[in-house]
Amino acid sequence: MTSPQTRRPAEFVERALCVLAHPDDVDFGSAGTVATWTTAGTEVTYLIVTDGDAGGFDETPREQMGPLRRAEQEAAAKAVGVTDVRFLGHPDGRLELTLDLRRDISRVIRQVRPQRVLTSSPERMWDRIGASHPDHMTVGESTLRAVYPDARNPFAFPELLADEGLEAWTVSEVWLTASPRADHVVDVTDVVELKFAALGSHLTQVSHLDDLEGFVTDWMRQTGRRLGLPPGRLGEAFHVVHTA
């Protein structure tokens with residue numbers, strides 16, 4: 001029998017759900033991986049918990065930032081083959097681990113019925129503090145609690161079944177981004193231009209950066225080398241947790 005430590009993620013799943021805190025989170029860490037999934041025929045849904053209205057680097061009025069970032073995320077999603085993009089509208093920069101957030105994520109899990117969920121790690125990375133934004137960690141922990149036990153338990157948030165007809169659903173695996181325990185790498189070298197197209201859609205977040213592609217390429221090259229890809233190949237890293 002295969003031990004939990006040596007189990008490999010599924011080679012193909014029909015449906016995947018990516019749950020991230022802000023517009024652009026999925027693209028910096030995972031857009032290349034998502035492109036490999038959609039190319040293989042996986043139906044991918046994005047669930048973005050906030051509108052990202054506390055982000056940006058210029059004088060854009062705050063009331064305009066949220067709608068701008070929604071539109072940017074929708075354009076970025078299309079670049080990697082994703083057309084189903086959903087937003088929960090929770091406050092950017094003020095996320096807390098609440099039952100309401102767990103219920104909202106559980107609802108979408110039951111609607112989408114994904115075999116795979118991608119989200120941010122709830123663990124802090126002490127050597128790369130920027131990856132451990134409190135919103136990222138909160139969304140990661142909330143999503144893991146929604147995966148287990150909430151979404152699979154018909155008696156958790158009973159209104160989802162009674163009022164909305166959403167049957168319980170068990171997610172088989174969760175992929176955590178920005179994790180200090182990364183144990184799986186996806187080679188994204190052949191789809192890197194799609195990732196860059198997605199990142200370039202986030203004008204409010206990246207237009208001030210001089211060499212975004214060079215920085216991200218170097219970052220992915222180091223990731224690939226650290227996790228065993230051939231020299232020069234570009235990788236995105238995950239901690240894969242088997243949840244069924």
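Described below are features of the structure shown in this document. (Residues numbered from 1 in each chain as written. Predicted model: local features only at pLDDT ≥ 70, side-chain atom pairs only at ≥ 80, totals over all residues. Heavy atoms only, no water.)

1. Quick look at a negative patch on the surface
Line of reasoning, step 1. A contiguous patch of negative charge, built from Glu-193, Asp-210, Asp-211 and Glu-213, is present on the exposed surface.
Line of reasoning, step 2. Within the element layout of this structure, Asp-210 appears in the loop between helix 7 (203-206) and helix 8 (212-226).
Line of reasoning, step 3. The exposure class of Asp-210 is exposed, given its relative accessible area of 84%. (Patch = residues over 30% accessible without salt bridge, like charges linked within 9 Å, V, L, I, M, F, W, Y side chains within 5 Å. Areas by Shrake-Rupley, 256 points an atom, 1.4 Å probe, with all protein chains shown as cover. Salt bridge = Lys/Arg side-chain N within 4 Å of Asp/Glu carboxyl O. Lys, Arg positive; Asp, Glu negative; His and termini not counted. Charge placed at Lys NZ, Arg CZ, Asp CG, Glu CD. Helix = DSSP H or I, 4+ residues; strand = E, 2+ residues; numbered from the N terminus. Buried < 20%, exposed > 50% of the residue type's maximum accessible area, 1.4 Å probe, protein only.)

2. Examining the packing of aromatic side chains
Line of reasoning, step 1. Going through the model one piece at a time under the given rule, you end up with three aromatic pairs.
Line of reasoning, step 2. On the basis of an interplanar angle of 55 degrees and a centroid distance of 5.2 Å, the ring pair of Trp-175 and Phe-238 is categorised as tilted. Residue Trp-175 is found in strand 5 (residues 173-177), and its partner Phe-238 is found in strand 7 (residues 235-242); the two are separated by 63 residues along the sequence.
Line of reasoning, step 3. The exposure class of Phe-238 is buried, given its relative accessible area of 0%.
Line of reasoning, step 4. Considering the side-chain rings of Phe-215 and Trp-219, the 6.0 Å spacing of their centres and the 40 degrees angle between planes classify their relative orientation as tilted. Of this pair, Phe-215 and Trp-219 both sit in helix 8, separated by four residues, roughly a single helical turn.
Line of reasoning, step 5. Feature note: the residues Trp-37, Trp-175 and Phe-238 constitute an aromatic cluster, connected by ring pairs. (Phe/Tyr/Trp six-rings, centres within 6.5 Å; stacked < 30°, edge-to-face > 60°.)

3. Remarks on the pairing of strand 1 (residues 15-20)
Line of reasoning, step 1. Counting buried positions along strand 1 yields five of six residues, so the element is predominantly enclosed.
Line of reasoning, step 2. Assessed by its sense of winding, the connection that carries the chain from strand 1 through helix 1 (residues 25-40) to strand 2 (residues 43-50) is right-handed.
Line of reasoning, step 3. Two elements, strand 1 and strand 4 (residues 116-120), share four bridges in a ladder whose sense is parallel. Paired with Ala-16 across the two strands is Arg-116, which belongs to strand 4. (Right-handed = clockwise from strand over helix to strand, strands pointing away. Pairing = 2+ DSSP bridges.)

4. Remarks on the side chain of Ser-106
Line of reasoning, step 1. Along the chain, Ser-106 falls in helix 3 (residues 99-112).
Line of reasoning, step 2. A distance of 2.8 Å separates the side chain of Ser-106 from the backbone oxygen of Arg-102, its partner in a polar contact.
Line of reasoning, step 3. Residues contacting Ser-106, with those up to four places away along its chain left out, are Ala-146, Asp-150, Ala-151, Phe-157 and Leu-160. (Polar contact = N/O pair within 3.5 Å; in protein donor to acceptor, adjacent residues only side chain to side chain. Contact = heavy atoms within 4.5 Å.)

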